[in-house]
Amino acid sequence: MRWQRQELVGRRAELDALRRDGAGPALLVVRGPEGSGKTALLRRFRAEAGKIVLDLGGRDGQASWDEFRARALLSAVRAEFETFADAPRVAASIEAVSRLCVPESYSSPARRHRLLATLGVLLARLRGPLVILVDDADDVPVSALAPMHRAGHMVVAACGAGAPRELCSLADRIVDLAPLTDEEVGRLLWQVAAAPVDEAVPRALREQLGSLYGNVGTLVSTVERLWDEGRLAKVHGVLALRSPRAPIALPAGHRLLAEIDAQGALGRTLVALAAGEPEFRIDRIPALAEETGHAAHEYGHAADRLVRAGVLAHEASGRLRCRSRAVAAAAEVPAAQVDDVWQPISAGDYECLAVFVAEAVERGETGEDLAAAAALAAIHLGRPVPEHVRAALADGPVALADRWLAGAEIGVEEFAASFAPLHRRSSLPTIDGWTSRSEESVQDALALRDLVPVFRSVLGPVYGLPVDGPVAAYHRVCRGYIEGDWVDALSAARELELMPTSPPASGASRFDTDRAAARLLAAEICGWRGEDRQAAAWLAAAGEDTAYPGLHGWVATGLRDHAGEDAFAHGWTWYLAHATELEEPGAARLLTRLATIAVDSGDRYRARAVLRETQARYGQASETTLFVRGLVERDGASVRAAERVIRARGSRFELALACQSVARVDGEPQTWLAEAYELARSIGAAKLVSTTKRTMAGCGVAVPVRRTRHSDVSDLERQIIDLIRLGRTNRQIALALRVSAKTVEKHLTRLFAKAGCRTRHALAMSDLGARQELVGA
């Protein structure tokens with residue numbers, strides 16, 4: 001991926017300021033740090049100026065001796081010569097400047113003055129409203145810019161953040177370029193990727209780049225480096241980041257890294273300490289100087305320069321810190337020392353835990369707690385314990401890790417027994433194994449092979465949520481699906497896709513199993529979000545030969561139902577063909593979905609067939625039987641009993657469906673349907689919202705609409721929102737409404753601000769532009 005010439009993102013206010021203040025002769029200074037987009041802004045202004053533009057360019061391509069940009073001015077005038085041909089004596093002035101445009105003209109003050117005077121005559125003879133653009137104007141003496149302004153032309157000079165004071169004092173207006181907003185960064189990333197961008201990408205860039213996140217040059221060059229390193233890739237058409245919580249370094253050649261290099265060993269030492277020690281203070285410099293054999297004032301001068309350059313920040317407390325984690329990553333700051341096995345476990349850093357165990361074994365340490373720690377790291381990282389480590393440790397926990405990675409089914413009690421040495425070593429009160437947490441919730445998690453609740457139960461609150469690796473990503477998929485955070489669940493599924501496709505042989509089975517389940521959940525999510533192509537791609541990637549035939553049948557049936565096909569026939573055939581091998585909760589979800597489809601279609605025969613099969617499989621008192629019986633027989637007591645179980649389990653999506661089911665049999669459905677509608681909207685499930693509205697229509701209930709919050713939405717903006725909800729692109733919207741793509745972009749920027757959101761999906765799910773809606777039977 002390489003940065004191509006793209007449309008300018010944002011900067012509409014700055015462009016408006018330039019146009020407003022540049023109606024007549026004026027000296028306008030555009031000021032911003034390197035990489036803030038000054039050149040792109042000048043390029044856009046030139047395209048929209050509506051006047052003759054003389055572009056003198058930036059420092060690149062200029063002769064080193066031509067301080068006044070005389071050669072660039074000559075080239076620009078000659079390019080527009082036909083425009084000035086009627087002006088008296090322009091050709092003579094061009095000839096005069098051309099004769100003086102040589103290095104010798106800068107050799108003495110008198111010759112410099114003569115060249116400036118000749119340039120002033122040429123500029124005065126150029127008639128008509130002219131715009132003169134000067135990029136990198138920090139390099140141009142103010143004495144060369146002033147004649148352009150005095151000749152009655154509009155001059156736009158772009159400078160760095162430290163623009164010359166004399167130039168700023170002469171300016172009619174200074175336009176400062178602020179960092180891009182989050183929404184503008186999102187649009188920029190979309191441009192660079194030419195595809196939708198996973199939410200983990202901007203989140204990781206924001207965390208790692210810090211104050212540099214809104215800097216266009218830094219952002220684009222960092223994205224290019226990530227692409228070149230293979231950390232960025234497209235998953236089913238969406239740009240995703242491999243290992244999103246791993247450090248992201250500034251690209252080589254960045255100005256901040258150049259500043260560090262300019263300070264040599266002193267600069268690198270200061271950056272390492274500022275990044276590695278949470279309380280590195282300026283008053284530590286004398287002791288540091290004594291330790292390293294340097295003078296204290298040398299460190300002081302280096303610190304001052306790094307603070308002025310924006311590498312370090314000096315807080316009021318005296319603390320020195322790195323302004324950006326990406327600086328520390330590029331400077332290769334060493335990791336903090338780990339002194340205890342619980343440090344990486346509580347931090348959720350299992351890569352660090354694996355390193356700690358290996359180093360402990362190399363020092364000759366052994367013990368049950370190290371064996372348990374090695375197994376814990378192996379499971380979380382999805383790779384077996386290294387041979388030289390396992391040879392020195394007890395076999396029990398390590399063997400359990402091997403079995404789990406190979407795909408074996410392991411009970412919670414066995415996990416508790418194998419990792420008991422770690423719990424005994426912690427300072428926590430003794431707990432009765434896994435019963436310290438809800439037995440049912442832990443067993444539910446283990447049924448889907450989600451180990452995080454299991455380890456929380458076994459190890460207690462000291463167990464840290466894993467930040468990286470297959471266990472972490474898979475847990476986020478499962479948790480995101482249940483809690484309704486579907487954006488994060490999809491992001492985690494893409495993260496799993498970008499993990500190594502050929503892990504060690506002992507881990508291949510478990511890795512593939514987890515990824516298959518994540519793909520199925522991702523397909524289910526995309527189906528309800530109305531992203532049909534992505535849903536089909538996820539389902540195809542999971543394949544039919546999967547360890548989760550129940551989940552596969554449940555998802556495939558749902559997607560066929562969304563498409564208006566005979567979903568029941570497919571799902572029932574699938575169920576009968578795989579009845580003896582269906583896993584839980586996939587089988588229960590499939591039967592519930594089949595019952596729902598049959599009831600919605602009014603097919604009592606099919607519905608009763610599903611009920612009989614459900615009762616035979618689960619008995620009369622199970623949650624699944626209660627729910628299916630309530631649907632088929634319109635038994636309010638059974639449906640409400642199932643709804644209470646679902647609510648206690650915390651699955652927001654299933655609760656939205658359960659609320660609809662209760663509403664169908666309840667005499668007062670308004671409360672249930674209002675909750676179902678709000679749940680569907682908050683989850684971001686467009687098709688669930690539509691399903692809820694249809695249920696409301698059948699019950700004669702008004703759709704709750706907040707109408708007064710955004711009454712200033714115009715008819716055009718309401719039409720744009722409606723088309724966004726249909727998944728249209730900016731170009732498609734422009735064609736449909738017969739406006740330009742720029743007009744659509746302008747209105748979208750305003751709509752994002754009104755809705756308080758940053759993405760098209762969030763705008764589509766907002767209540768912005770909604771009309772009063774009363775639906776009845």
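Residues numbered from 1 in each chain as written. Predicted model: local features only at pLDDT ≥ 70, side-chain atom pairs only at ≥ 80, totals over all residues. Heavy atoms only, no water.

Enquirer: Account for the sheet that holds strand 2 (residues 52-55), with residues named and values stated.
Expert: Spatially, the 5 strands line up as an open sheet ordered 2-3-4-1-5, and their pairing is parallel. With one partner strand each, in any of the chains shown, strand 2 and strand 5 (173-176) form the two edges of the open sheet. The average undirected angle you get between the axes of adjacent strands in this sheet is 20°. Lying over the sheet, helix 1 (residues 12-21) contacts strand 1 (26-31), strand 4 (154-159) and strand 5, oriented at roughly 170° with respect to strand 5. (Pairing = 2+ DSSP bridges. Helix = DSSP H or I, 4+ residues; strand = E, 2+ residues; numbered from the N terminus. Axes fitted to C-alpha atoms, helices over the stretch in contact; angles between N-to-C directions. Contact = heavy atoms within 4.5 Å.)

Enquirer: Could you give an account of the nonpolar core, with specific residues and numbers?
Expert: If you look at the biggest cluster of nonpolar residues, it comprises 84 residues, and the most contacted ones within it are Tyr474, Trp486, Trp572 and Val610. With 10 residues, helix 28 (residues 505-529) is the largest single contributor of residues to this core. If sequence neighbours within four positions are ignored, Trp486 has contacts with Gly480, Tyr481, Ile525, Trp528, Arg529, Phe653, Ile683 and Ala685. (Core = buried A, V, L, I, M, F, W, Y, C linked by side-chain atoms within 4.5 Å. Buried < 20%, exposed > 50% of the residue type's maximum accessible area, 1.4 Å probe, protein only.)

Enquirer: Describe in detail the pairing of strand 1, supporting the description with residues and values.
Expert: Counting buried positions along strand 1 gives 5 out of 6 residues, so the element sits mostly inside the fold. Bridge count for strand 1 against strand 4 is 6 bridges, and the pairing is parallel. Bridging from a neighbouring strand, Val29 pairs with Ala157 of strand 4. Here 4 bridges tie strand 1 to strand 5, and the two strands are oriented parallel to one another.

Enquirer: An account of the pattern of salt bridges is requested, with residue identities and associated values reported.
Expert: One pass over the full model with this rule turns up 46 salt bridges. Notably, a salt bridge pairs Asp139 with Arg59, separated by 2.7 Å at the nearest N-O pair. Taken together, the residues span a long stretch of sequence, with Asp139 in the loop between strand 3 (130-134) and helix 7 (142-150) and Arg59 in the loop between strand 2 and helix 3 (70-79) at a distance of 80 residues. When its relative accessible area of 40% is taken as the criterion, Asp139 is described as partly exposed. The salt bridge partner of Glu414 is Arg403, with a shortest N-O separation of 2.5 Å. In this pair, Glu414 is assigned in helix 22 (residues 412-418) and Arg403 in helix 21 (residues 395-405), connecting sequence segments 11 residues apart. A relative accessible area of 30% means that Glu414 is categorised as partly exposed. (Salt bridge = Lys/Arg side-chain N within 4 Å of Asp/Glu carboxyl O.)

Enquirer: Would you mind going over the packing of helix 5 (residues 90-100) against helix 6 (residues 109-125) in detail, with residue names and values included?
Expert: Between helix 5 and helix 6, whose axes approach to 9 Å, the crossing angle comes to 155°. Taken together, the axis directions place helix 5 and helix 6 in an arrangement best described as roughly antiparallel. Of the two possible hands of crossing, helix 5 and helix 6 adopt the one that is left-handed. On the side of helix 5, the interface is formed by Val90, Ser93, Ile94, Ala96, Val97 and Leu100, while helix 6 contributes Arg114, Leu115, Thr118, Leu119, Val121, Leu122 and Arg125. In terms of residue class, the contact of helix 5 with helix 6 is built from 9 nonpolar, 2 polar and 2 charged. (Parallel < 35°, antiparallel > 145°, perpendicular 65-115°, else oblique. Left-handed = near helix turned anticlockwise from the far one by under 90°. Nonpolar A, V, L, I, M, F, W, Y, C, P; charged D, E, K, R; others polar.)

Enquirer: So what about the packing of helix 19 (residues 368-381) against helix 21? Which residues, and what values?
Expert: Contact geometry for helix 19 and helix 21: axes closest at 8 Å, N-to-C directions at 15°. If you check the angle between helix 19 and helix 21, you find them roughly parallel. As helix 19 runs across helix 21, the sense of the crossing is right-handed. Mapping the contact onto sequence places Ala371, Ala372, Ala375, Ala378 and Ile379 in helix 19 and Pro397, Val398, Leu400, Ala401, Trp404 and Leu405 in helix 21. The residue makeup of the contact of helix 19 with helix 21, split by class, is 11 nonpolar, no polar and no charged.

Enquirer: Break down helix 37 (residues 670-683) for me, citing the residues and quoting the values.
Expert: Helix length check: helix 37 (14 residues) gives 20 Å between terminal C-alpha atoms against 20 Å at 1.5 Å per residue, within 8%. Those residues of helix 37 that sit buried are Trp672, Leu673, Ala676, Tyr677, Leu679, Ala680, Arg681 and Ile683. Of the surrounding secondary structure, the elements contacted by the buried residues of helix 37 are helix 27 (486-497), helix 35 (636-649), helix 36 (652-665), helix 38 (686-699) and helix 42 (760-765). Just beyond helix 37, the residue with positive phi is Gly684, at close to 90°. (Expected span 1.5 Å × (residues − 1).)

Enquirer: Go over helix 26 (residues 470-483), please, and point to the residues and values.
Expert: Taking 1.5 Å per residue, 14 residues should reach 20 Å; helix 26 reaches 20 Å between its end C-alpha atoms and fits that length. Burial of helix 26 is extensive: 11 of the 14 residues sit out of reach of the surface. Within helix 26, the full set of buried residues consists of Pro470, Val471, Ala472, Ala473, Tyr474, His475, Arg476, Val477, Cys478, Gly480 and Tyr481. Just beyond helix 26, the residue with positive phi is Gly484, at close to 85°.

Enquirer: Let's hear about the confidence of the model for the chain: which residues, and what values?
Expert: Of the residues in the chain, 92% reach a pLDDT of 70 or more, and the chain-wide mean stands at 85. Across residues 707-711 the pLDDT falls below 50, and counting only partners more than four positions away or on other chains, this stretch makes 7 contacts in the model. (pLDDT = per-residue confidence, 0-100.)

Enquirer: Mind laying out unusual backbone geometry, listing which residues take part and the relevant values?
Expert: The phi torsion of most residues other than glycine is negative, and most of the peptide bonds are trans. Looking along the chain, the bond that leaves Glu584 and enters Pro585 is cis, with omega of 5°. You can see Pro585 is positioned in the loop between helix 31 (567-578) and helix 32 (586-601). Unusually for a residue other than glycine, Arg69 sits at a positive phi of about 60°. One can find Arg69 in the loop between strand 2 and helix 3.

Enquirer: Pulling in residues and values, what's your account of the side chain of Glu654?
Expert: Here Glu654 lies in helix 36. Contacts of Glu654, omitting those with residues within four sequence positions, involve Tyr481, Arg589, Ile646 and Arg649.

Enquirer: Now, about the side chain of Arg593: what can you tell me, with residues and values included?
Expert: You can see Arg593 is positioned in helix 32. Among residues more than four places away in sequence, those in contact with Arg593 are Glu524, Trp528, Trp554, Val555, Thr557, Gly558 and Phe653.

Enquirer: Account for the packing of aromatic side chains, with residues named and values stated.
Expert: Taken as a whole and assessed by the stated rule, the structure comprises 15 aromatic pairs. The residue whose ring lies beneath Arg589 is Trp554, and the NZ or CZ to ring-centre distance is 4.9 Å. (Phe/Tyr/Trp six-rings, centres within 6.5 Å; stacked < 30°, edge-to-face > 60°. Lys NZ or Arg CZ within 6 Å of the ring centre and 35° of its normal.)

Enquirer: An account of the environment of Ala330 is needed here, citing residue identities and associated values.
Expert: By secondary structure assignment, the location of Ala330 is in helix 16 (residues 325-330). If sequence neighbours within four positions are ignored, Ala330 has contacts with Ala249, Leu250 and Leu257.

Enquirer: Which residues make up the pairing of strand 3, and what values go with them?
Expert: Judged by how many residues are buried, strand 3 sits mostly within the fold: 5 of 5 residues are covered. Both faces of strand 3 are covered, namely the face carrying Leu130, Ile132 and Val134 and the face carrying Val131 and Leu133. Looking at chain direction, strand 2 and strand 3 are connected through 4 bridges and run parallel. Residue pairing across strands places Leu54 opposite Ile132, the latter belonging to strand 3. Here strand 3 pairs with strand 4 via 4 bridges, running parallel. Bridge pairing in strand 4 places Val134 opposite Ala157. Once you follow strand 3 into helix 7 and on to strand 4, the crossover reads as right-handed. (Right-handed = clockwise from strand over helix to strand, strands pointing away.)

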